[in-house]
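A closer look at the structure
What follows is each chain in one-letter form.
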Amino acid sequence: MSKNSITAWLVWSLGASFFFCEYFIRVSTGVMVPELMQAFHTNAAELGVLSSCFYLSYVGMQLPVGLLVDKFGPKLLLAANALLCGLACVIFSMAQNLWMAEIGRFIMGFSASFAFVGTLKLAADWFSPSRFGLIAGLTQSLGMLGAAVGEAPMAIAIGLLGWRYTMGVCGVIFVVLAIAIVTLIKHKAP
């Protein structure tokens, strides 16, 4: 494997890690239903609104994200939004009322919307066109893996640490990922 090939896989893995982690937090509210209902003194309908805040912003950003990634490139957008996603996790973890938790989830969805499209742009920039289908499939598989394995570890962490601390740790992971993206991804592929 050539040095350029190793670099391409490293670059892709950073974007794919963002997508994996964002899927992990995307499904997180499903694991913490009792804790959230108790913390915010809420019912199932209001908790559904809280959970949907992620998807409202995520879906709304799909077209703009594609345009932004094409215009500005994936590196800084992935890094900035991984950082923003980390901040949103911290906001969510510190929320003392439902509306603040909804703002945290809304920002999570907004920032997470850059993960998949940004990673696909990295794949297009760093791999030959003949590999794009494989890389896109691997990226999607990692996201689904984040959803599949995210629930059990999240439930264990919440049981051990509580939902607030667990979401704070998720925030730190996103910040570390943002730093890695800025540090390790070159602006342009060779």
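These remarks concern the structure in this document. (Residues numbered from 1 in each chain as written. Predicted model: local features only at pLDDT ≥ 70, side-chain atom pairs only at ≥ 80, totals over all residues. Heavy atoms only, no water.)

Quick look at the environment of Val182 now. Position of Val182 relative to the elements: it lies in helix H9 (residues 163–184). The partly exposed category is assigned to Val182, whose relative accessible area is 41%. Residues Val182 and Ala39, spaced 143 residues apart in sequence, show a C-alpha to C-alpha distance of 36 Å. For Val182, the residues in contact, after removing those within four places along its chain, are Lys75 and Ala79. (Helix = DSSP H or I, 4+ residues; strand = E, 2+ residues; numbered from the N terminus. Buried < 20%, exposed > 50% of the residue type's maximum accessible area, 1.4 Å probe, protein only. Contact = heavy atoms within 4.5 Å.)

Time to look at the nonpolar core. Ranked by internal contacts, the top residues of the largest apolar core, which has 50 residues, are Phe92 and Met167. Mapped onto this core, the elements with two or more residues apiece are helix H1 (3–26), helix H3 (33–40), helix H4 (44–60), helix H6 (74–94), helix H7 (98–126), helix H8 (132–161) and H9. Those residues in contact with Met167 that sit more than four places away from it in its chain are Ile25, Ser28, Met32, Cys89, Phe92, Ser93, Met108 and Met154. Core analysis: the next-biggest nonpolar cluster, separate from the first, contains five residues, Met61, Val65, Leu77 and Phe114 among them. (Core = buried A, V, L, I, M, F, W, Y, C linked by side-chain atoms within 4.5 Å.)

Now for H9. Here H9 is 22 residues long and its end C-alpha atoms lie 31 Å apart, about the 32 Å a rise of 1.5 Å per residue gives. For H9, every residue scored as buried is listed here: Trp163, Thr166, Met167, Gly168, Cys170, Gly171, Phe174, Leu177, Ala178, Ala180 and Ile181. (Expected span 1.5 Å × (residues − 1).)

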